[in-house]
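One letter stands for each residue in the lines below.
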Amino acid sequence: MQIILKLTTACNLRCSYCSEGDQALERMPEEIFYKTVDELPALLDHVGAKSAEFLFHGGEPMLYGREALKRLIDYARAGLTDYDVKFLMQTNGTLIDDDWIKFFRAEEIGAGISLDGYPEIHDQCRRTKDDRPTAELIIKNIDRLRAEGLNVGTLMVLNSAVNADRLYDFIREHNLQPKIHPVIACGRARGHENVCDAYVGVMKRLLARALDEEEPGIIQPLDEIFNAILGLEPMRECSYNGSCGRNFVCIYPDGEVGFCGRDNATRHLTYGNLREQSILELYRSTNAEKIRARQEHLRRNDCAGCSDWELCHGGCAFEAVNAFGTLEAKYPDCAARKNFIGWLRTDGLRMLKAKLVRDKIRLRQSIALQKQLRAELKDL
């Protein structure tokens with residue numbers, strides 16, 4: 001189970017599409033985290049989980065400070081010895097220095113860094129409060145983390161016109177393995193509606209480019225969707241797999257508990273406050289049950305008979321309530337998603353088959369060459 005911790009609303013950037021919007025400054029009291037850890041075994045046992053993954057989020061979580069984070073991490077490790085405990089941080093990547101790199105390594109923290117593609121597109125929206133660009137610094141810091149042997153993931157949000165070929169070249173040049181999402185029209189991103197068709201077009205082109213290469217890079221959620229279509233593994237991405245209200249709990253800075261880190265600004269449907277109830281009681285609350293009931297409602301209504309149900313599950317619950325004001329609505333960009341999945345099932349699979357044939361030919365040629373070399377060496 002993943003516990004998303006919105007440690008602070010503070011941020012050193014002012015991204016034009018920030019889903020958090022403009023909020024009052026809040027910082028999670030450490031006691032809220034300690035109470036979470038104390039009560040977490042009851043919740044983990046209730047859902048049958050053997051692991052807990054803490055995701056430090058914000059705002060910008062690095063502004064919480066290393067000393068405070070160290071106290072949280074130490075407390076979690078000491079209190080959850082019967083469980084596999086991991087720590088992740090989603091950061092804008094601009095504050096990384098030698099001390100933070102040492103901290104990430106020492107505490108075994110996996111870093112996810114926001115980078116919205118090549119500098120010209122990234123710097124349109126993700127700028128400092130005094131309007132300076134950030135892409136060059138972030139790329140440099142990603143390279144520094146990797147040079148120290150640290151695992152770095154990248155999260156890309158597509159929010160405006162993107163040159164797909166240039167984006168692919170950028171991804172390969174920097175050896176990124178990004179997770180790419182369309183912007184959600186909430187917070188400062190109001191007005192960024194209707195980007196999903198453009199997003200689908202970009203993702204199609206990225207896949208075509210990847211399958212043209214002998215060793216394609218990994219781009220999510222493309223790889224996950226393909227694996228699910230082929231029956232290799234179920235979808236892991238939460239906006240596709242119907243896990244809302246089950247595998248995630250989000251704790252906001254004031255102790256409120258909800259179903260999703262995306263909901264910090266709007267708080268469409270929170271469970272209650274940790275100051276007043278245990279985390280297990282909140283997980284079993286009426287609002288939590290409403291979120292989990294969304295799946296069955298959609299299966300019987302809007303999504304009844306949909307051939308893509310197992311790959312979509314009605315889409316993201318937050319995006320539905322954000323767009324329509326109700327959990328009982330399906331994904332607002334359903335038509336674009338169906339187009340995307342349908343294309344992957346047809347043209348995408350044909351391109352994959354063609355790549356596999358090319359790989360097979362190259363393998364046979366390689367084997368034939370090896371046999372020829374062995375024969376020539378034997379005759380010497």
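Before reading on, note that the structure itself is shown above.
A quick note: this is a predicted structure, and the numbers were derived from the prediction, not measured.

Colleague: Explain the pattern of salt bridges to me, using residue names and the numbers behind them.
Modeller: Enumeration over the complete set of coordinates arrives at 27 salt bridges. Close ionic contact of D308 with K338 constitutes a salt bridge, the shortest N to O distance being 3.4 Å. Taken together, the residues D308 in the loop between helix 11 (286-300) and helix 12 (309-312) and K338 in helix 14 (residues 334-379) connect sequence positions 30 residues apart. You can call D308 buried: its relative accessible area is 5%. The residue D359 makes a salt bridge to K355 at a minimum N-O spacing of 3.2 Å. Placement of the pair is D359 and K355 together in helix 14, with a separation of 4 residues, close to one helical turn. Its relative accessible area of 25% is what places D359 among the partly exposed residues. For K355, a relative accessible area of 6% gives the class buried. Here the salt bridges share partners, and the residues they tie into one network are K70, D74, R77 and E107.

Colleague: Let's hear about the packing of helix 6 (residues 164-173) against helix 7 (residues 196-211): which residues, and what values?
Modeller: Helix 7 packs onto helix 6 with a crossing angle of 50° between their chain directions and a minimal axis gap of 9 Å. Judged by the angle between their axes, helix 6 and helix 7 are oblique. With respect to the hand of their crossing, helix 6 and helix 7 are arranged in right-handed fashion. Seen from helix 6, the contacting residues are A164, D165, L167, Y168 and D169; seen from helix 7, they are V202, R205, L206, R209 and A210. Grouping the amino acids of the contact of helix 6 with helix 7 by side-chain chemistry returns 6 nonpolar, no polar and 4 charged.

Colleague: Help me get a handle on the environment of S114, residues and values and all.
Modeller: Relative to the assigned elements, S114 resides in strand 4 (residues 109-114). For S114, a relative accessible area of 11% puts it in the buried group. Considering only alpha carbons, one finds S114 and A135, 21 residues apart in sequence, at a separation of 9.7 Å. The residues touching S114, leaving out its near neighbours within four places in the chain, are Q90, T91, N92, H122, R126, I138 and L155. Side-chain polar atoms of S114 contact the side chain of Q90, separated by 3.2 Å.

Colleague: Describe helix 7, naming the residues involved and giving the relevant values.
Modeller: Taking 1.5 Å as the rise per residue, helix 7 with 16 residues should run 22 Å; its terminal C-alpha atoms sit 22 Å apart, in good agreement. Of all 16 residues making up helix 7, 12 are buried, and the element is well covered by its neighbours. Inspection of helix 7 places C196, Y199, V200, V202, M203, K204, L206, L207, A208, R209, A210 and L211 among the buried residues, and these make up the whole buried set. Its buried side turned inward, helix 7 meets strand 5 (152-158), helix 6, strand 6 (178-182), helix 8 (222-229) and helix 14.

Colleague: Outline helix 1 (residues 30-47), supporting the account with residue identities and numerical values.
Modeller: Between its first and last C-alpha, helix 1 extends 25 Å over 18 residues, near the 26 Å set by a 1.5 Å rise per residue. Its axis deflected by about 45° at E39, helix 1 carries its strongest bend there, up to four residues before the proline P41. Buried within helix 1 we find E30, I32, F33, Y34, T36, V37, E39, L40, L43 and L44. Contact partners of the buried residues in helix 1: strand 1 (2-6), strand 2 (51-57), helix 2 (66-79), strand 7 (248-251) and helix 10 (279-283).

Colleague: Could you give an account of unusual backbone geometry, with specific residues and numbers?
Modeller: With an omega of 15°, the peptide bond between G58 and G59 qualifies as cis. Take G59: it is sitting in the loop between strand 2 and helix 2. Look at the link from Q220 to P221: it is a cis peptide, with omega at 5°. For P221, the position within the fold is in the loop between helix 7 and helix 8. Residue E108 is not a glycine yet carries a positive backbone phi of 55°. Considering the arrangement of structural elements, one finds E108 in the loop between helix 3 (98-107) and strand 4. You can call E108 exposed: its relative accessible area is 62%. Phi at H313 is positive, roughly 55°, even though this residue is not glycine. Inspection of the secondary structure assignment puts H313 in the loop between helix 12 and helix 13 (317-324).

Calculation notes
Residues numbered from 1 in each chain as written. Predicted model: local features only at pLDDT ≥ 70, side-chain atom pairs only at ≥ 80, totals over all residues. Heavy atoms only, no water. Salt bridge = Lys/Arg side-chain N within 4 Å of Asp/Glu carboxyl O. Helix = DSSP H or I, 4+ residues; strand = E, 2+ residues; numbered from the N terminus. Buried < 20%, exposed > 50% of the residue type's maximum accessible area, 1.4 Å probe, protein only. Axes fitted to C-alpha atoms, helices over the stretch in contact; angles between N-to-C directions. Parallel < 35°, antiparallel > 145°, perpendicular 65-115°, else oblique. Left-handed = near helix turned anticlockwise from the far one by under 90°. Contact = heavy atoms within 4.5 Å. Nonpolar A, V, L, I, M, F, W, Y, C, P; charged D, E, K, R; others polar. Polar contact = N/O pair within 3.5 Å; in protein donor to acceptor, adjacent residues only side chain to side chain. Expected span 1.5 Å × (residues − 1). Bend = angle between axes of the 7 residues up to and from the residue.

Honestly, that's just the spatial picture; any functional story needs more than this.
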